[in-house]
Amino acid sequence: MKRISIINGPNLDRLGRREPEIYGDKTLTDLENLLTAEAALLNVEVQFYQNNHEGFIIDEIGEYSDSEVFGLILNPGALTHTSLALRDAIAGSDLPTVEVHISNIYNRESIRQHSITAPACIGVISGLGFDGYVAALRHLSNLD
């Protein structure tokens, strides 16, 4: 069975409480429950990781690269716009990675409109809320 990892970066543990007018009122647990149900329909396994610290996320990607993980769904949060090290970890992992953003980063402050990490990913989904994660999961589940 294909294993797909979902990594959520800084502040995504605050979903449902942090700026609900931008990110909605659903929690990280709600997202994980949604993706677990979708994974069962797609006959794939999912695992979840959230951390507010760049180095821990980079370490996790390295561990996934050396394991049975097939692909990665990544919401790097603000690291999207600042972390060359995270971009390098994605590129060096050889994992097909889909970058996901709950809000439309291209409709936000100018500093949030450029993704350093996107060029290392096979695709980017931005602005679809939790549905973006579902689309990313469906896409990765269909890859060989």
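Residues numbered from 1 in each chain as written. Predicted model: local features only at pLDDT ≥ 70, side-chain atom pairs only at ≥ 80, totals over all residues. Heavy atoms only, no water.

**Student:** So what's going on with the packing of helix H2 (residues 28–42) against helix H5 (residues 130–142)? Which residues, and what values?
**Tutor:** The geometry of H2 relative to H5 is characterised by a closest axis approach of 10 Å and an angle of 30° between their N-to-C directions. Looking at the two axes, H2 sits roughly parallel to H5. Between H2 and H5 lies a crossing whose hand is right-handed. Packed against H2, whose contacting residues are Asp 30, Leu 31, Leu 34, Leu 35, Glu 38, Ala 39 and Leu 42, the element H5 presents Phe 130, Tyr 133, Val 134, Leu 137, Arg 138 and Ser 141 at the interface. Split by residue class, the contact of H2 with H5 holds 9 nonpolar, 1 polar and 3 charged. (Axes fitted to C-alpha atoms, helices over the stretch in contact; angles between N-to-C directions. Helix = DSSP H or I, 4+ residues; strand = E, 2+ residues; numbered from the N terminus. Parallel < 35°, antiparallel > 145°, perpendicular 65-115°, else oblique. Left-handed = near helix turned anticlockwise from the far one by under 90°. Contact = heavy atoms within 4.5 Å. Nonpolar A, V, L, I, M, F, W, Y, C, P; charged D, E, K, R; others polar.)

**Student:** Report on the packing of helix H3 (residues 54–65) against helix H4 (residues 84–93), specifying residues and quantitative values.
**Tutor:** One can describe the packing of H3 onto H4 by two numbers: an axis separation of 9 Å at closest approach and a directional angle of 5°. By the angle class used here, H3 and H4 are roughly parallel. Along the contact surface, H3 presents Glu 54, Ile 57, Ile 58, Ile 61 and Ser 65, while H4 presents Ala 85, Leu 86, Ala 89, Ile 90, Gly 92 and Ser 93. For the contact of H3 with H4, the class distribution of residues is 7 nonpolar, 3 polar and 1 charged.

**Student:** Describe the pairing of strand E3 (residues 69–75), and please don't skip the residues or the numbers.
**Tutor:** Moving residue by residue along a regular strand, the side chains alternate between the two faces of the sheet. Most of E3 is tucked away: 6 of the 7 residues are buried. As paired elements, strand E1 (residues 3–8) and E3 share 6 bridges and run parallel to each other. Of the residues in E3, the one forming a bridge with Asn 8 is Asn 75. Pairing of E3 with strand E4 (residues 97–101), which is carried by 3 bridges, proceeds in the parallel orientation. Pairing of Leu 72 across the sheet is with Thr 97, part of E4. (Buried < 20%, exposed > 50% of the residue type's maximum accessible area, 1.4 Å probe, protein only. Pairing = 2+ DSSP bridges.)

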